[in-house]
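# A closer look at the structure
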Amino acid sequence: YGATHVGIRPHGTLGQPFAPDPASRPPDEFRMLAFGKWGRYKRLELLFEALPAVLAAVPQASLLIAGCDHPNRPGYLAGLKQKWGTHPNVKFLGYLDENRFDEVFRSAHVAVLPYLSSGGPSGVAHIAARFGLPIVAAHIDDLVRLAEEEGIALDTFNPHDSADLAARLIQLARDPVRQMRLADQNYRVALNSTMPRIVASYLDEFAALIGETPPSCIAAEGEESAA
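We now turn to the structure provided with this report. Fair warning: this is a prediction, and the values are worked out from it, not measured in the lab.

What counts as what
Residues numbered from 1 in each chain as written. Predicted model: local features only at pLDDT ≥ 70, side-chain atom pairs only at ≥ 80, totals over all residues. Heavy atoms only, no water. Helix = DSSP H or I, 4+ residues; strand = E, 2+ residues; numbered from the N terminus. Buried < 20%, exposed > 50% of the residue type's maximum accessible area, 1.4 Å probe, protein only. Contact = heavy atoms within 4.5 Å. Lys, Arg positive; Asp, Glu negative; His and termini not counted. Charge placed at Lys NZ, Arg CZ, Asp CG, Glu CD. Phe/Tyr/Trp six-rings, centres within 6.5 Å; stacked < 30°, edge-to-face > 60°. Pairing = 2+ DSSP bridges. Right-handed = clockwise from strand over helix to strand, strands pointing away. Expected span 1.5 Å × (residues − 1). Axes fitted to C-alpha atoms, helices over the stretch in contact; angles between N-to-C directions.

### Considering the overall build of the protein
Within the protein, the regular secondary structure consists of nine helices and six strands. A buried classification covers 47% of the 227 residues belonging to the protein. When contacts within the protein are restricted to residue pairs at least 6 apart in sequence, those whose partners lie at least 24 apart make up 73%. Here the protein carries 21 positive and 26 negative side-chain charges, and the mean point of each set is 6 Å from the other.

### Concerning the environment of Ala-153
Note on placement: Ala-153 falls in the loop between helix H5 (141–150) and strand E6 (154–157). Judged by its relative accessible area of 5%, Ala-153 falls in the buried class. Considering only alpha carbons, one finds Ala-153 and Leu-182, 29 residues apart in sequence, at a separation of 5.8 Å. In this structure, Ala-153 is in contact with Ile-135, Leu-182, Gln-185 and Asn-186, ignoring residues within four places of it in sequence.

### Overview of the packing of aromatic side chains
Applying the stated criterion to the full structure yields nine aromatic pairs. Note on Phe-48 and Trp-84: the rings are 4.7 Å apart at their centroids and 20° apart in plane angle, and the pair reads as stacked. With Phe-48 in helix H1 (residues 45–57) and Trp-84 in helix H2 (residues 76–84), the pair connects residues that are 36 residues apart, well separated along the chain. Seen from their ring centres, Tyr-202 and Phe-206 are 6.0 Å apart, and the 45° between their planes marks the pair as tilted. Of this pair, Tyr-202 and Phe-206 both sit in helix H8 (residues 195–210), four residues apart, roughly one helical turn. A relative accessible area of 47% places Phe-206 in the partly exposed class.

### Quick look at the pairing of E6
Where burial is concerned, the two faces of E6 agree: the one with Leu-154 and Thr-156 and the one with Asp-155 and Phe-157 are both buried. Direction of pairing for strand E5 (residues 135–138) relative to E6: parallel, over a ladder of four bridges. Opposite Ile-135, over in E6, you have Leu-154 as the bridge partner. Once the chain exits E5 it traverses H5 before rejoining the sheet at E6, and the crossover so formed is right-handed.

### Comments concerning helix H7 (residues 176–191)
Residues three or four positions apart in an α-helix share a direction because the helix packs 3.6 residues into each turn. Compared with an ideal rise of 1.5 Å per residue, which puts 16 residues at 22 Å, H7 spans 22 Å between its outermost C-alpha atoms and is within 8% of the ideal. Of all the positions in H7, only Arg-178, Gln-179, Leu-182, Ala-183, Asn-186, Tyr-187, Val-189 and Ala-190 are classed as buried. Turning to H7, the residues buried within the fold contact strand E1 (30–38), helix H4 (123–130), E5, H5, E6 and helix H6 (162–173).

### What to know about the sheet that holds strand E3 (residues 90–94)
Spatially, six strands are ordered E3-E2-E1-E4-E5-E6 in an open sheet, and the strand pairing comes out parallel. Two strands in the sheet have a free side with no partner beyond their single neighbour: E3 and E6. For this sheet, the mean angle separating the axes of adjacent strands, direction not counted, is 25°. When E1 meets strand E4 (residues 110–113), the two strands line up parallel, connected through two bridges. By the bridge assignment for E4, Leu-33 is matched with Ala-111. Of the strands in this sheet, E1, E4, E5 and E6 are in contact with H6, which crosses E6 at around 150°.

Here it is as structure tokens:
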């Protein structure tokens, strides 16, 4: 709209970022993690359609489904679990408390965002960045803009093409060097968008508007890490 009085801030990363650590990821597995509230615009059908092709090329691949139904789509995950719950390469983890994020995200090799649309900047993408994960995401406007504006590394696929999704996952599984490069990029984005940094940027802008020096209330980097 050509407005000059609007300030834009990144979504920000809640919690301490963790550097990517290959030792925390099973070397004999390729864990694909999908996390969210499922059934509305976040849907898993395409990912399950892609799974046989991924397993044919990467037999050690596994799919972890974490999260719960969207409130408007009760029973969505139960239906998928009925069909896929006994598959040896699929695990339904259910709702994740925050104290399980560390365990689940740091042991995964890639976060998959199989969305049809988006409600804004992706919280899941920022959680994945916080834990130093590569991301394979649907090519939709909000996610593409997220990559452009914040520098988050996304490998995108056609949200209506399971073969394209499978190809992206297979390519990443076969290239551990690229996995680490994408993971490191996302970790660095998370380091630069912690809550203290985001809050400080707000305070700086408010202070500039009223011509005052902002209060020194942001912890030093060492204090922030300890917190």
